[in-house]
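# Descriptive analysis of the structure
For reference, the chains in residue letters:
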Amino acid sequence: MTITTPLQPTDRTSLRRSKERAGTDRDELHAVLRDGMFCHLGVILGDAPLVLPTAYGTDLDRGVDGTLYLHGSVAARSVVAAPEQTICVTVTHADGLVLARSAFHHSVNYRSAVIFGVPRLVTDPDEKLHGLNVIVDHLVPGRSHATRPPNRKELAKTSVLALSLTEASLKTRSGEANDEPEDLDLPYWTGVIPLRVTAGEPITNTDCDLLTPAHIRTRANQLGAPSLTGFAEPAATAR
């Protein structure tokens, strides 16, 4: 299912500054979430905010506007408190350092998404396992079918949160530095240093004598690792 409903600005998601950087295309939002690997979860604990980095995954076919899944220990304070309040989840990509002639106009090229909402604690066993698989496969596509599935004890120790993607904002910056006209003749270099996440060659555990599976090789290559040789795709684990 393709979600085409544009992002609808709310009081929380409307940009107050640099409004021209706001995006309303859900495909762009999905791209930011797809290309990210970690998010920051913001909750209020007592009278203070707590912001924690964590892995996530998305299922665009779950719910009206898609669902973002988060997980954590059943005893984690952030996971316990989250379903009782509005939380904020952010995903950010730093794409380049923008260096201007003036210090004031230095900037960063970036893509960022912010999602607000009251998350739902997933209690259905099938959806809980689905959410965990979505998170694993978000980091390495196909990985959930090439591992031992979690057992009952492990599932009992883990909580999964589901957050709707309905209330979200998208903000991006790209391009060159924007110097003042009177600064254009100054003798200072100006330009962009591109940034990207780059993977190294996968390192096999010392207690593992298997060849690198194809899904691991593919993911590493997607992230810029050198081309690998000597790999094999293991048989899928029955689910």
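Each remark here, short or long, concerns the structure printed above.
Here the structure is a predicted model, which is why all the values come from computation and not from measurement. (Residues numbered from 1 in each chain as written. Predicted model: local features only at pLDDT ≥ 70, side-chain atom pairs only at ≥ 80, totals over all residues. Heavy atoms only, no water.)

## Examining the overall build of the protein chain
Here is the rule we go by: Note on conventions: DSSP H or I runs of at least 4 residues are helices, E runs of at least 2 residues are strands, and numbering of each starts at the N terminus. For every residue, the accessible area (1.4 Å probe, protein chains only) is compared with the maximum for its type, and the residue is labelled buried under 20%, exposed over 50%, or partly exposed between those bounds. Throughout, a contact is declared for two residues whenever any of their heavy atoms are within 4.5 Å. For the area figures, the Shrake-Rupley method with a 1.4 Å probe applies, and any residue is considered shielded solely by the protein chains shown.
Secondary structure assignment for the protein chain yields 5 helices and 10 strands. Residues counted as buried form 37% of the 239 residues belonging to the protein chain. Here the analysis covers contacts within the protein chain between residues at least 6 apart in sequence; of these, 72% occur between residues at least 24 apart. Roughly 14,200 Å² of accessible area belongs to the protein chain as shown, and the carbon and sulfur atoms make up 56% of that amount.

## Here we look at a nonpolar patch on the surface
Rule in force here: Candidates for patches are residues over 30% relative accessible area with no salt bridge; among them, like charges are joined within 9 Å and nonpolar side chains (Val, Leu, Ile, Met, Phe, Trp, Tyr) within 5 Å. Salt bridge, as used here: a side-chain nitrogen of Lys or Arg that lies within 4 Å of a carboxyl oxygen of Asp or Glu.
On the surface, L97, V108, I193 and L195 cluster together into a nonpolar patch covering about 270 Å² of accessible area. Within the fold, L195 resides in the loop between strand 10 (191–194) and helix 5 (214–222). By relative accessible area, L195 is classed as partly exposed at 33%.

## Concerning the side chain of T54
Position of T54 relative to the elements: it lies in strand 3 (residues 48–59). We classify T54 as buried; its relative accessible area is 18%. Filtering out sequence-adjacent residues up to four positions away, T54 remains in contact with F38, C39, L70 and H71.

## Quick notes on the pattern of salt bridges
Here the structure, examined in full by the defined rule, presents 8 salt bridges. Ionic pairing is found between R34 and D35, a salt bridge with its closest N-O pair at 3.1 Å. By sharing partners, the salt bridges in this structure join R34, D35, D95 and R111 into a single network.

## Here we look at the pairing of strand 9 (residues 167–173)
Inclusion rule: When DSSP finds two or more bridges between a pair of strands, those strands are recorded as paired.
Counted residue by residue, strand 9 has 6 buried out of 7 residues, so it is predominantly covered. Summarising the sheet, strand 6 (residues 107–117) and strand 9 pair through 7 bridges and their orientation is antiparallel. Its bridge partner lying in strand 9, R111 is registered against T172.

## Digging into the nonpolar core
Selection criterion: By convention a nonpolar core is built from buried Ala, Val, Leu, Ile, Met, Phe, Trp, Tyr and Cys residues, the set being connected through side-chain atoms within 4.5 Å.
Formed by 24 residues in total, the largest nonpolar core has its most connected members in L33, Y56, L68, L70, I87, V89 and I115. Those residues in contact with V89, other than ones at most four positions away along the chain, are C39, H40, L41, L68, L70, A113, V114, I115 and L163. By size, the runner-up hydrophobic cluster in this structure holds 8 residues, among which are A55, L132, I135 and V160.

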